[in-house]
Amino acid sequence: MTRACKIKKQFQQLCIVFFVFFIPIFAHALPPKNINFDRLSVEDGLSNPIVFDIAQDKVGFIWIATNNGLSRYDGHKFTSYLPDADNPNSEKTISSGVIIKLLLDSRGLMWIGTAGGGLDCYNPETATFKHYTQDPDNPDSISHNSIYDIKEDKLGRIWIATLGGGINCYDRETGKFKRFQKNPKNKNSLGSDLAYSVLVDKNNNIWAGLADGLDYLSFKDSKDLDSGEFRHYKHDPKVPGSISAGIIPALLFDSKGQLWTTSFGGGLNRYDAKTDQFFHYVHDPLVPESLSYNDSVGIFEDSLGQLWIPTHGGGIDLYNREKDNFIHYRHDACNKSSLSFNTLIRTFEDRSGILWFATYSDGVNKYDRRKDWFELIKSRTNDPRGLSDNDIHAIFEDSRKTIWIGTEKGLNRYNKDSGEYRHYINDPANSHSISGNSIWSIDEDSKGNLWIATNMGFCKMDRGSEEFTQFLHDPDNPNSLNEDRTWSLCVDDQDEVWIGTQAGGVNRFNPKTGKFKTYKITVVSRLTF
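Criteria and cut-off values
Residues numbered from 1 in each chain as written. Predicted model: local features only at pLDDT ≥ 70, side-chain atom pairs only at ≥ 80, totals over all residues. Heavy atoms only, no water. Helix = DSSP H or I, 4+ residues; strand = E, 2+ residues; numbered from the N terminus. Buried < 20%, exposed > 50% of the residue type's maximum accessible area, 1.4 Å probe, protein only. Contact = heavy atoms within 4.5 Å. Areas by Shrake-Rupley, 256 points an atom, 1.4 Å probe, with all protein chains shown as cover. Polar contact = N/O pair within 3.5 Å; in protein donor to acceptor, adjacent residues only side chain to side chain. Pairing = 2+ DSSP bridges. Axes fitted to C-alpha atoms, helices over the stretch in contact; angles between N-to-C directions. Phe/Tyr/Trp six-rings, centres within 6.5 Å; stacked < 30°, edge-to-face > 60°. Lys NZ or Arg CZ within 6 Å of the ring centre and 35° of its normal. Core = buried A, V, L, I, M, F, W, Y, C linked by side-chain atoms within 4.5 Å. Salt bridge = Lys/Arg side-chain N within 4 Å of Asp/Glu carboxyl O. pLDDT = per-residue confidence, 0-100.

Topic: the overall build of the chain
Then comes step 1: When you go through the chain residue by residue, the secondary structure sums to two helices and 40 strands.
Then comes step 2: Across the 529 residues in the chain, those meeting the buried criterion constitute 51%.
Then comes step 3: Long-range contacts, defined here as pairs at least 24 residues apart, represent 47% of the contacts in the chain between residues at least 6 apart.
Then comes step 4: Total accessible area on the chain is roughly 25,900 Å²; 50% of this is exposed by carbon and sulfur atoms.

What follows is the structure, encoded as structure tokens:
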């Protein structure tokens, strides 16, 4: 790696650490109990206030499935896609106005599940729709035109939950749909043709949320769809560990490998594979931090590992894993920044970390967590465990995944577990303390030593002893740093340290020899060509 590339890399790393790593670190604690939502409604151009699903394509557009058309949001305005009643099979329009589910697949195609119009596939490169509808004379067609859920497996096959036709698997290579439906004469068949949700696990097996329970379809050979066997999970009031009663409209495997199911009327379920039992979360009016409502059609895990449960009347619930309870966010008629409506259907997170909430009457709500994160990282007056100062000049993640923050009043080391900081402040009586308190740049060498540029020279921190070696300008030593006001610092691939100063140009320091070399700008009086 060249020195120029190294310097560029350090700048990029600073940006990445701040926007991708640093901000989520401070948000690993739960958000505050009162958060601000931004609202998007029909007044903003949304095609309908009833929203069923949200997705983001590779370009960055947000797609919103509504009760009357598909809306595309570019961050400023909406573009709506509506069916053409005179030409329902047109490749330029969607097949039905009521859109329930969206899926952006691994190939960049968007699959659209409609209520009554079948399955659509949108190709953004050609801006065309391909329609898949039930053909009673073709057993290889989709089994039903009411689509409630869509997923993609590891082989690129598309799984579809239908309300009336069971589960379908679409094979792109053959262009055929494989149907899994209820057969009263066959115990090894789907438990109900009313399928509300479908989920693919890490082994490419299928979980299906049905009108009367949960089905698990495992394959002896995932490439052979005829090798599947069903296992049924039904509610049994005599068995406390059975699944809750009611429709199962949403399924989720979280980042910890746990299976969660929602139910319409039975609250939230967490499946324990070791005991083969379900643990229930239900609303208890005597427990304020219990689930806010027992009707829920969705569950979502964000990039921070937090679970959001949109409910059908209780707003949005956020699950607190540490305390095993819930924080509630509800509509407040007196607060325009609160949730716009208490009946929600879906939660979605875009690539910038903004959370989107689909409501069943009042459009879309957005929550930008960064607004709250900036509040969380402020210094706390007279708190020795908080950030030492709000004036932040440098942020660095070292090879140990430790976060270092350079402020106007010292160096801070952040403890991810406790959320506390350790401060490193200059002590004039201690030559092994940090050389200055205004910290402008941080880097690390191959041995794990930290190098810090300050307003009073630069220094090296030994990670073992946590002692600093100071490098200052000495007017009697021409081989010393030529300027104490150091603004930037970079360690190259030879472990040489490059220091940018305010008025002394660039210094290159060789730790092995202890010598400096200075590079200054040469003024050119005339340009020639």
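With respect to the side chain of Glu349
Then comes step 1: You can see Glu349 is positioned in strand β26 (residues 344-349).
Then comes step 2: Of the polar contacts made by the side chain of Glu349, one reaches the backbone nitrogen of Ser303; its length is 2.7 Å.
Then comes step 3: In this structure Glu349 touches Phe300, Asp302, Ser303, Ile354, Leu355 and Arg369, once residues within four positions along its chain are discounted.

Side note on the sheet that holds strand β23 (residues 307-310)
Then comes step 1: Strand order in the open sheet formed by four strands is β22-β23-β24-β25, with antiparallel pairing between adjacent strands. This sheet does not close on itself; its edge strands, each paired only once, are β22 (300-301) and β25 (325-329).
Then comes step 2: Note that β22 and β23 share two bridges and pair antiparallel. The residue bridging Phe300 from the neighbouring strand is Trp308, located in β23.

Considerations on the sheet that holds β26
Then comes step 1: If you walk across this open sheet you meet the four strands as β1-β28-β27-β26, and the pairing is antiparallel. Only two strands of the sheet have a single neighbouring strand rather than two, namely β1 (38-40) and β26. Across this sheet, the average inter-strand angle for adjacent strands is 25 degrees, counted without regard to direction.
Then comes step 2: With five bridges connecting them, β26 and strand β27 (residues 355-359) associate as antiparallel partners. Across the sheet, the residue bridging to Phe348 is Trp356, located in β27.

Focus on the pairing of β27
If a strand is regular, its side chains alternate between the two faces of the sheet.
Then comes step 1: Burial of β27 is extensive: five of the five residues sit out of reach of the surface.
Then comes step 2: Residue alternation in β27 divides its side chains into two sets, Leu355, Phe357 and Thr359 and Trp356 and Ala358, and both sets are buried.
Then comes step 3: In this antiparallel pair of consecutive strands, β26 and β27, the connection spans five residues, and Gly353 shows a positive phi of 90 degrees.
Then comes step 4: Looking at chain direction, β27 and strand β28 (residues 364-367) are connected through four bridges and run antiparallel.

Notes on the pairing of strand β29 (residues 392-397)
Then comes step 1: Taking burial as the measure, the six residues of β29 include five buried ones, the bulk of the element.
Then comes step 2: As judged from the five bridges shared by β29 and strand β30 (residues 403-407), these two strands associate in the antiparallel manner. From the neighbouring strand, Ile392 faces β30, where its bridge partner is Thr407.
Then comes step 3: Linking two consecutive strands that pair antiparallel, namely β29 and β30, is a turn of five residues; a positive phi of about 65 degrees is found at Lys401 within it.

Let's talk about unusual backbone geometry
Then comes step 1: Here Ala127, not a glycine, exhibits a phi torsion of approximately 55 degrees, which is positive.
Then comes step 2: One non-glycine residue, Asp276, adopts positive backbone phi at about 60 degrees.
Then comes step 3: Tracing the backbone shows Asp276 in the loop between β20 (267-272) and β21 (277-281).
Then comes step 4: Given the relative accessible area of 30%, Asp276 is considered partly exposed.

What to know about the packing of aromatic side chains
The description of an aromatic ring pair rests on the distance of the ring centres and on the angle between the ring planes.
Then comes step 1: Considering all chains together, one arrives at 48 aromatic pairs under this definition.
Then comes step 2: Judged by centre distance (5.8 Å) and plane angle (40 degrees), the rings of Trp404 and Tyr424 are tilted. You can see Trp404 sitting in strand β30 and its partner Tyr424 sitting in strand β32 (residues 421-424), a full 20 residues away along the chain.
Then comes step 3: Among the residues examined, Trp404 registers a relative accessible area of 0% and is labelled buried.
Then comes step 4: Three or more aromatic residues joined by ring pairs make a cluster, and in this case those are Trp207, Tyr216, Tyr233, Phe253, Tyr271 and Phe278.
Then comes step 5: Above the ring of Phe180, the side-chain terminus of Lys178 is found at 5.8 Å from the ring centroid.

Looking at the nonpolar core
Then comes step 1: Core analysis: the largest hydrophobic core is formed by 16 residues, its most contacted members being Trp159, Ile167, Phe180, Ile206, Leu217 and Phe219.
Then comes step 2: Looking at this core, the elements that each hand over two or more residues are β11 (158-162), β12 (166-171), β14 (195-200), β15 (206-210) and β16 (213-219).
Then comes step 3: Contact partners of Ile167, with chain neighbours within four places excluded, come to Trp159, Ile160, Ala161, Lys178, Arg179, Phe180, Leu190, Ala195, Val198 and Ala208.

Quick look at the pattern of salt bridges
A side chain of one charge can pair with a side chain of the opposite charge if their charged atoms are brought near each other.
Then comes step 1: One pass over the structure, following the stated rule, counts 21 salt bridges.
Then comes step 2: The residue Lys101 makes a salt bridge to Asp149 at a minimum N-O spacing of 3.8 Å. With Lys101 in strand β6 (residues 99-104) and Asp149 in strand β10 (residues 147-152), this pair connects stretches of sequence that are 48 residues apart.
Then comes step 3: Looking at Lys101, the relative accessible area reads 11%, which means it is buried.
Then comes step 4: The class of Asp149 is buried, set by a relative accessible area of 4%.

Looking at the confidence of the model for the chain
Then comes step 1: Confidence along the chain averages 88 in pLDDT terms, with 89% of residues attaining 70 or more.
Then comes step 2: Scored below 50 in pLDDT, residues 1-28 makes 53 contacts in the model with residues more than four places away or belonging to other chains.
Then comes step 3: Segment residues 523-529: pLDDT under 50, and zero contacts once partners within four positions in sequence are set aside and those in other chains are kept.

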